[in-house]
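# Remarks on the overall topology
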Amino acid sequence: MRCLFLYLICLIASTLPLQAQTSPTRLWLDTDIMIGLPENAPREVDDGIALIMALAQPQLDIVGISVITEIDYGYQVTQQLLRDYAPGRTIPVYKGSPKGDDLGTETDASRALAAALRQEKLNILALGPATNIATVLKNHPELAARIGTIVFCAGRTTGYPFRPGLRQHTVWDYNFELDVESFRVILDAGIHVVLSGYQCSEYLHLGKADVQFLRQGNKADRWLYGVLEPWMKLSLDLFGVEGFIPYDTTPLGYFTHPQYFLIERDIPIVINYRQNDADLGPRLGQDKYFLEVSREYISRWKVDFAYRTLPGFEELVIEAIKAP
């Protein structure tokens, strides 16, 4: 009897991996990717890091990618990263809103996302302003039911300042503040929204030593290091710490590694308006909007709010940026 019992245990154990297998998450990626944009000052690199990491995750099936702001360069660099990090895969890329200020104006991206949602229910990873997605919902409100979850890199608890590094400067909540009205449209649609922004990411920091291995890698690795290095130096000048926070990897992590995040579920959210707290960015010295969560609010809107990344996720990011 004991032998039979052990045999059954072994048989069950041997089938667990097969039983645990699930179909990959079907995902649409909306991004304001500007990594490597040739300008006088380096642009943030976290959208590019998040795309590279997403392409390395077997549990994701990226159906399409839409770009917003700097759409010509965003389209170009996304195609480059797909060639380098997803050779042999065909993922369509679409140009969306050029500046994130034209809610309701149809683009190739909004039309493609609407068409994809008519085919199947999708989750959305939203790493930039919300214009592309909100345009679909404004023009085709019936498609709200075809969206499972949208995860944004935005939002904060009430009064929480965005002060990277040595906390010498306060920065703005770019993705939200660039197009506030689009967030209203999405929250009004009743979709399951998750926020994972600065507050979740602030202790996730990649320094020069963490990415030094890229210098000895292949052509894609060396290109990546070449665009990370000036951004890390600019961070030293602005925030007192050489390196960078890969903000957009934490919204991605909600889909791929949820065990590494602390999340406040079903928390009320409001859009407040008061004195600007930022001293870096294009909108200084005036009042502005804040996207804020609190249990003290009474609101018709509720979201899930990721507020902390746990140890171990940083190593997953570093491992994922190695070119195949």
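Each chain has its residues counted from 1, running along the sequence as written. Local features in a predicted model are, by the rule used here, given only for residues with pLDDT of at least 70; side-chain atom pairs are given and counted only at 80 or more, and totals for whole chains, interfaces and linings are based on all residues. Calculation of side-chain values draws on the structure's entire complement of heavy atoms; hydrogens and water are dropped beforehand.

### A closer look at the layout of surface pockets
In this structure, the largest pocket spans a volume of roughly 1,100 Å³. Note on definitions: the grid is 1 Å and covers protein atoms alone; a cavity is a set of points where a 1.4 Å probe fits but cannot get out; a pocket is an open set with protein on both sides within 12 Å along at least five of seven lines; lining residues have an atom within 4 Å of a point. Every residue lining the largest pocket is counted, 43 residues in all, and those nearest its centre are E44, V171, Y174, W231 and Y247. Breaking the lining of the largest pocket down by element, the ones donating at least two residues are α2 (46–55), α6 (174–177) and α10 (219–239). Take the lining of the largest pocket: its biggest share by element is five residues, from α10. In the lining of the largest pocket, the residues fall into 23 nonpolar, eight polar and twelve charged. Grid points are joined across faces, edges and corners, and a volume is the space filled by probe spheres set on the points. Strands here are runs of E lasting at least two residues and helices are runs of H or I lasting at least four, both read from the DSSP assignment and numbered beginning at the N terminus. Side-chain classes follow a simple rule in which Ala, Val, Leu, Ile, Met, Phe, Trp, Tyr, Cys and Pro form the nonpolar group, Asp, Glu, Lys and Arg form the charged group, and the remainder, Gly included, forms the polar group.

### Describing the pairing of strand β7 (residues 192–195)
Across a regular strand the side chains alternate sides, sitting on one face of the sheet and then on the other. Between any two strands, at least two bridges found by DSSP are needed for them to pair. Bridging between strand β5 (residues 147–152) and β7 involves four bridges; their strand directions are parallel. Residue pairing in the sheet places V151 in a bridge with V194 of β7. Bridge analysis of β7 against strand β10 (residues 302–309) gives two bridges, and the strand direction is parallel. Residue pairing in the sheet places V194 in a bridge with D304 of β10.

### A look at the pairing of β10
Sheet topology places strand β8 (residues 261–275) next to β10; six bridges connect them, and they run antiparallel. Each residue of the ladder has a partner; that of I263, found in β10, is A306.

### What about the pattern of salt bridges?
Any carboxyl oxygen of Asp or Glu within 4 Å of a side-chain nitrogen of Lys or Arg constitutes a salt bridge here. Counted according to the given criterion, the structure contains 18 salt bridges. K288 is the salt-bridge partner of E177, the closest N and O atoms lying 2.8 Å from each other. With E177 in helix α6 and K288 in strand β9 (residues 287–293), the pair connects residues that are 111 residues apart, well separated along the chain. Across this residue pair, the class does not change: E177 and K288 are buried. Across the pair E181 and R184 runs a salt bridge, and its minimum N-O distance is 3.4 Å. For each residue, the accessible area found with a 1.4 Å probe, counting protein chains only, is set against the maximum for its type, and the residue is called buried under 20%, exposed over 50%, and partly exposed in between.

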